[in-house]
Amino acid sequence: MLKTLLGAAIAWACVSASSLAQTSDVIPVEHFARLPAGQGLSLSPNGDRIAYIAHSGSDRYLVVQSLETGEQNAINISNMRAFETFWADEDTLMARVGRAAELFYISGDLDFQALLTINTDTMDAEQLIREGRDTGFNQNTAQVAGWQTDRARILLPLRDGNQHKNLYAVDPEDGNRRSVVARGAVNTRYWVSDARGERHVRVSYSEDTERLRVAIEENDQWRTLIEERQDIIDLGVVGFSQDGEAVIISRTADEPPYANILQRVELSDGALGEIIFSDPRYDFDSVRIDPYRGYVAGVVIEREQRERIWFDAELAQIQASLEASFAGKSISLIDWTPDRTRFIVWVGSEDQAPVYVLVDLAARSADPVRLTYPELFRAELPRRQSIRYPARDGASIPAYLTVPNTDGPHPFVVLVHGGPASRDYGGFDTLAHMLASQGYGVLQPQFRGSGGYGAQWEAQGWGQWGTGVMQQDVTDAAAYLQQAGLTEQICIAGGSYGGYAALAATVFTPDVFDCAIAFNPVTDAEDFLRYAGERYGRDSETVRYWNRSFSGEVQDRISGDLLRSISPVNYAAQARIPVLLLHGEDDSVVPFRQSRAMHRALQRAGVPVTFIPLESGDHWLLEYETRLEAYSAIGAFLDEQVGD
């Protein structure tokens, strides 16, 4: 039924004719470097208004828009990062925002997050939680654990003056009106509440004993549901079940490839119950919680393409109908009204920037309400394909291939993701599509060690930095491109771990690539591990995690010789290809000094190197100026080194 009713609106939203491409062969870099014109959309409870974060150049706005009249009210929030919006009630909007700052007693920048509360009549905005007599140091005051039944109060975990992380019920219009509803401790990590905001699960972890404990409060007493030793945390509580009789945990499966699964833990006795989701090859990417009914409603998983799987039968039916209507598109239900008659739907594809659409089931209509990249609307972008290529040992490596819409062969970029236990996703990709629109092919390898393909795939990357299988899989991507006749010139590029991989290729396999680009890279593993110890403690789970990643084993201390042996900064004299280094001066993940040291080492070795410090730049290029500077520099460097 829905398919026949939405045709006209969908045809407009998803048109593939390229009016932009007809007027220009090369799309300007700033159209890709811009931050989304629509981000973090949410729908008011009665479905009459939407809220979103809008970017225009370096300016950032929080916008409330009437769906009937189109009238907009906005406030400028350019002095902070912004991530999402949601509604407390018809008159009160909330936004999750952040900033980076330094503390004199902690090494490097820290990322802080908070909630803004906005009166939608006056558009007055206030930070919901501020430091007070009953609060201690809180790096993140935006961790929503749930709502009380009438949504009159939001449930937030906050540390008190003793650094105990308690659960507070907070008036969403005034953060000073709050009260403790459940007590935590110093080692409390997070809280999860049920749909009514009446039962609360506390998740704690002791760095000293490496014990994870999940407990529920009943009659002012805590009853343990799960307790086990975990040197690196593998188990998480994601929410309550739809029937309210269990919590849902995420954990690694007991059988190969050891992908993560969702499983019930019965509240009555703590017994492991039904596995409600598992996939034999892939990890799920995220869990969807119904915003009004408060239970785990579905998951998002990236197989060959991103898929949404709903446990809620009604949402599953709506998803299926929309997928039939938007044939060939990726569909995500972003937000909806309590009665589930109006939905904000994200529509994406492999060759177009996403569009947000309002679907009204009662009116049987679908209307685009926000473009993410308006300058790219109707532009014919190259199609990003999911492929596999062979590694030297016969393994099949998943990857994304983007080839320009012109006759080849083309110069190529092997673009390596960060992490390393992260991954790329299908669909629109600003950097990959920018490079392809400029005439460069792009291959993005999901090498062994990447996340998303099960713990077994990820574990194959432990201890494989530098010259191991993680790097070999990336090198084999270049061999595949050449053997397939797609290119003769290849540059390697990446950020964070991807930047490390680019520099490792430069010094350990200097004859494979023609140039290298690294932004915000790890260059010195020993210094990076020291930095992590200063921030989180030398005996912390975070340091154990990196010890395992670097050495292959969970251990408290690893050899300095091993760390030095995998650090590109120590082998700069072996490099022979031109290098572009970029690093955000306010990077809170990899310290800026890592690129500065690499730059000096390459200069001493006489290697052609360009170093661009990104003033006020962060780890993720979340500001327009730094992203534009980085993308422009990458394009210019490629044109000089391997361009036609």
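Scroll up for the structure.
Here is what the cut-offs are and how they apply
- Residues numbered from 1 in each chain as written.
- Predicted model: local features only at pLDDT ≥ 70, side-chain atom pairs only at ≥ 80, totals over all residues.
- Heavy atoms only, no water.
- Helix = DSSP H or I, 4+ residues; strand = E, 2+ residues; numbered from the N terminus.
- Rg over C-alpha atoms; globule rule 2.2 N^0.38 Å.
- Buried < 20%, exposed > 50% of the residue type's maximum accessible area, 1.4 Å probe, protein only.
- Contact = heavy atoms within 4.5 Å.
- Areas by Shrake-Rupley, 256 points an atom, 1.4 Å probe, with all protein chains shown as cover.
- Lys, Arg positive; Asp, Glu negative; His and termini not counted.
- Charge placed at Lys NZ, Arg CZ, Asp CG, Glu CD.
- Expected span 1.5 Å × (residues − 1).
- Arc of directions from axis to C-beta.
- Polar contact = N/O pair within 3.5 Å; in protein donor to acceptor, adjacent residues only side chain to side chain.
- Axes fitted to C-alpha atoms, helices over the stretch in contact; angles between N-to-C directions.
- Parallel < 35°, antiparallel > 145°, perpendicular 65-115°, else oblique.
- Left-handed = near helix turned anticlockwise from the far one by under 90°.
- Nonpolar A, V, L, I, M, F, W, Y, C, P; charged D, E, K, R; others polar.
- Core = buried A, V, L, I, M, F, W, Y, C linked by side-chain atoms within 4.5 Å.
- Phe/Tyr/Trp six-rings, centres within 6.5 Å; stacked < 30°, edge-to-face > 60°.
- Pairing = 2+ DSSP bridges.
- Disulfide = S-S within 2.5 Å.

Of regular secondary structure, the chain possesses 14 helices and 35 strands. In summary, the chain has a C-alpha radius of gyration of 25 Å against a globular reference of 26 Å for 644 residues, a match within 12%. Dimensions of the chain, computed from C-alpha atoms along their principal axes, come out at roughly 70 × 60 × 45 Å. Within the chain, the proportion of its 644 residues that are buried is 57%. Put simply, of all contacts in the chain between residues at least 6 apart along the chain, 56% involve residues at least 24 apart. Entry remark: accessible area of the chain is about 26000 Å², with carbon and sulfur atoms responsible for 45%. Averaged over its 57 positive side-chain charges, the chain has a centre that lies 3 Å from the centre of its 90 negative ones.

Here we come to helix α5 (residues 313-325). Helix length check: α5 (13 residues) gives 19 Å between terminal C-alpha atoms against 18 Å at 1.5 Å per residue, within 8%. For α5, the set of buried residues is L315, I318, Q319, S321, L322 and S325. The buried residues of α5 occupy an angular sector of 165 degrees when the element is viewed end-on, so they sit on one face. By the N-cap criterion, in which a side-chain oxygen at the helix start approaches the backbone nitrogen of a residue two or three places on, α5 is capped by D312, the distance to E314 being 3.0 Å.

Backbone geometry follows two general trends: most residues other than glycine have a negative phi, and most peptide bonds adopt the trans configuration. In this structure, the amide linkage connecting G408 to the following residue, P409, adopts the cis form with an omega of 0 degrees. Within the secondary structure layout, P409 lies in the loop between β29 (396-402) and β30 (412-416). The amide bond that connects G419 to the next residue, P420, takes the cis arrangement and shows omega of 5 degrees. When you line up the elements, P420 lands in the loop between β30 and α6 (430-437). Although it is not a glycine, R340 sits at a positive phi angle of roughly 60 degrees.

On to the packing of helix α10 (residues 525-536) against helix α11 (residues 541-551). The N-to-C vectors of α10 and α11 enclose an angle of 165 degrees; their axes lie 9 Å apart at closest approach. Considering the angle they form, α10 stands roughly antiparallel to α11. In this structure, α10 crosses over α11, and the sense of that crossing is right-handed. The segment α10 lies against α11, with A525, F528, L529, A532, G533 and Y536 engaging T542, V543, W546, N547 and F550. Partitioning the contact of α10 with α11 into residue classes produces eight nonpolar, three polar and no charged.

Formed by 66 residues in total, the largest nonpolar core has its most connected members in F550, L581 and L602. Looking at this core, the element that brings in the most residues is helix α9 (residues 497-508), giving eight residues. With 35 residues, the next largest nonpolar core counts L435, V442, Y631 and A633 among its residues.

Turning our attention to the environment of Q482. One can find Q482 in helix α8 (residues 469-483). The class of Q482 is partly exposed, set by a relative accessible area of 42%. Along the primary structure Q482 and W147 are separated by 335 residues, whereas in three dimensions their C-alpha atoms are 55 Å apart. Residues contacting Q482, with those up to four places away along its chain left out, are T487, E488 and I490.

Let us now look at the packing of aromatic side chains. The description of an aromatic ring pair rests on the distance of the ring centres and on the angle between the ring planes. Under the defined criterion, the tally for this structure stands at 22 aromatic pairs. Ring geometry for Y389 against Y480: centres 5.7 Å apart, planes inclined by 25 degrees, an arrangement best described as stacked. Remark: Y480 occurs in helix α8 and Y389 occurs in strand β28 (residues 384-390); sequence separation between them is 91 residues. With a centroid separation of 5.2 Å and an interplanar angle of 85 degrees, the aromatic rings of Y545 and W546 are classed as edge-to-face. Assessed through its relative accessible area of 24%, Y545 is described here as partly exposed. Taken together, the aromatic side chains of F447, W465, Y497, Y500, F528, Y545, W546 and F550 make up a single cluster linked through ring pairs.

Once that is clear, we can look at the sheet that holds strand β2 (residues 49-56). Within the open sheet, the four strands sit side by side as β1-β2-β3-β4. Their pairing is antiparallel. Where the open sheet ends on each side, the last strands, each with one partner, are β1 (39-43) and β4 (72-76). Shown here is a sheet whose adjacent strand axes are inclined to one another by a mean of 20 degrees, direction ignored. Here β1 runs beside β2; their pairing, made up of three bridges, is antiparallel. In the strand pairing of β2, L43 is matched with I50.

Take the state of the cysteines next. Tallying each qualifying case throughout the model produces one disulfide. Paired by a disulfide, C491 and C515 hold their sulfur atoms 2.4 Å apart. On the sign convention where negative is left-handed, the bridge of C491 and C515, at about -135 degrees about the S-S bond, is left-handed. A residue pair is termed long-range when its members are at least 10 positions apart, and C491 in strand β32 (residues 490-495) and C515 in strand β33 (residues 515-519) qualify at 24 residues. By relative accessible area, which is 0% here, C515 ends up buried.

Coordinates in, geometry out; function isn't part of it.
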